[in-house]
Amino acid sequence: MSNEISRVKSPAVIQQKAAEKLKLPKRFKVLLLNDDYTPMDFVIIVLQKYFFKEYSQAVKIMLDVHQKGRAICGVYTRDIAETKVALVNDFAKQHEHPLLCKMEESDIN
Ligand code: TYC
């Protein structure tokens, strides 16, 4: 298949390649997990400092984590989600709190 014709792409192939190029990047949920020891005020500070939440929204998310075990703080592309997880977990360790932040692939894009 090395003649000229074999290099001509059909409209279907062109369309397929265009669709591949246009695919949105995967998105990742960043979550906080509940524990029995991290002070509520510290979690509120984390939500303000790393997720840019207003105080009232930060309180709401913190209470959701406290009551339900976990809550989403935001949805980001992979690099941003990884950075937030690392920064939050480092910040918690620096302050000797067991607070855990993790990421999960989002099913909605
Ligand atoms: N459960 C903690 C307490 O009672 C508060 C808390 C909330 C801890 C959210 C972690 O992600 C968390 N002090």
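Remember, it's a predicted structure, so these values are computed and weren't measured experimentally. (Residues numbered from 1 in each chain as written. Predicted model: local features only at pLDDT ≥ 70, side-chain atom pairs only at ≥ 80, totals over all residues. Heavy atoms only, no water.)

Chemist: Just checking my understanding: could you explain the packing of helix α2 (residues 40-51) against helix α3 (residues 55-68) for this structure?
Modeler: What describes two packed helices is the angle between their axes and the distance between those same axes. Contact geometry for α2 and α3: axes closest at 9 Å, N-to-C directions at 125°. Looking at the two axes, α2 sits oblique to α3. In this structure, the crossing between α2 and α3 has a hand that is right-handed. Judged by residue contacts, Met40, Val43, Ile44, Leu47 and Gln48 of α2 engage Tyr55, Ala58, Val59, Ile61, Met62 and His66 from α3. Residues belonging to the contact of α2 with α3 are distributed by class as follows: nine nonpolar, two polar and no charged. (Axes fitted to C-alpha atoms, helices over the stretch in contact; angles between N-to-C directions. Helix = DSSP H or I, 4+ residues; strand = E, 2+ residues; numbered from the N terminus. Parallel < 35°, antiparallel > 145°, perpendicular 65-115°, else oblique. Left-handed = near helix turned anticlockwise from the far one by under 90°. Contact = heavy atoms within 4.5 Å. Nonpolar A, V, L, I, M, F, W, Y, C, P; charged D, E, K, R; others polar.)

Chemist: Which parts of the structure should I look at to understand the packing of aromatic side chains?
Modeler: Given two aromatic rings, one states the distance between the centres and the angle between the planes to describe the pair. Under the criterion given, the structure shown has three aromatic pairs. Geometrically, the ring pair formed by Tyr50 and Phe91 is edge-to-face, given 5.5 Å between the ring centres and 65° between the ring planes. In this pair, Tyr50 is assigned in helix α2 and Phe91 in helix α4 (residues 78-94), connecting sequence segments 41 residues apart. Here Tyr50 and Phe91 have matching classes, each one buried. (Phe/Tyr/Trp six-rings, centres within 6.5 Å; stacked < 30°, edge-to-face > 60°. Buried < 20%, exposed > 50% of the residue type's maximum accessible area, 1.4 Å probe, protein only.)

Chemist: It is not clear to me how the layout of surface pockets should be interpreted in this structure. Could you clarify?
Modeler: The method is simple in principle: a probe with the dimensions of a water molecule rolls over the atoms, and the space it marks as empty is what remains. In this structure, the largest pocket encloses a volume near 160 Å³. Leu33, Asn34, Asp35, Asp36, Tyr37, Thr38, Met40, Val43, Met62, Val65, His66 and Leu99 together form the lining of the largest pocket. For the lining of the largest pocket, the elements supplying multiple residues, two or more each, are α2 and α3. (1 Å grid on protein atoms, 1.4 Å probe; cavity = no way out; pocket = protein on both sides within 12 Å on 5 of 7 lines; lining within 4 Å. Points joined across faces, edges and corners; volume = space filled by probe spheres on them.)

Chemist: Could you clarify how one ought to interpret the site of the ligand in this entry?
Modeler: Taken together, Leu32, Leu33, Asn34, Asp35, Thr38, Met40, Val43, Met62, Val65, His66 and Leu99 make up the full set of residues adjacent to the ligand. Note that a nitrogen atom of the ligand is positioned 2.9 Å from one of the side-chain N or O atoms of His66. About the coverage of the ligand: the protein hides 89% of its 350 Å² of free accessible area. The pocket occupied by the ligand, as judged from atoms lying within 2 Å of grid points, is the largest pocket. Looking at the shell around the ligand, the elements that each hand over two or more residues are β1 (27-33), α2 and α3. (Near = heavy atom within 4 Å. Polar contact = N/O pair within 3.5 Å; in protein donor to acceptor, adjacent residues only side chain to side chain. Areas by Shrake-Rupley, 256 points an atom, 1.4 Å probe, with all protein chains shown as cover. Sits in = over half its atoms within 2 Å of the grid points.)

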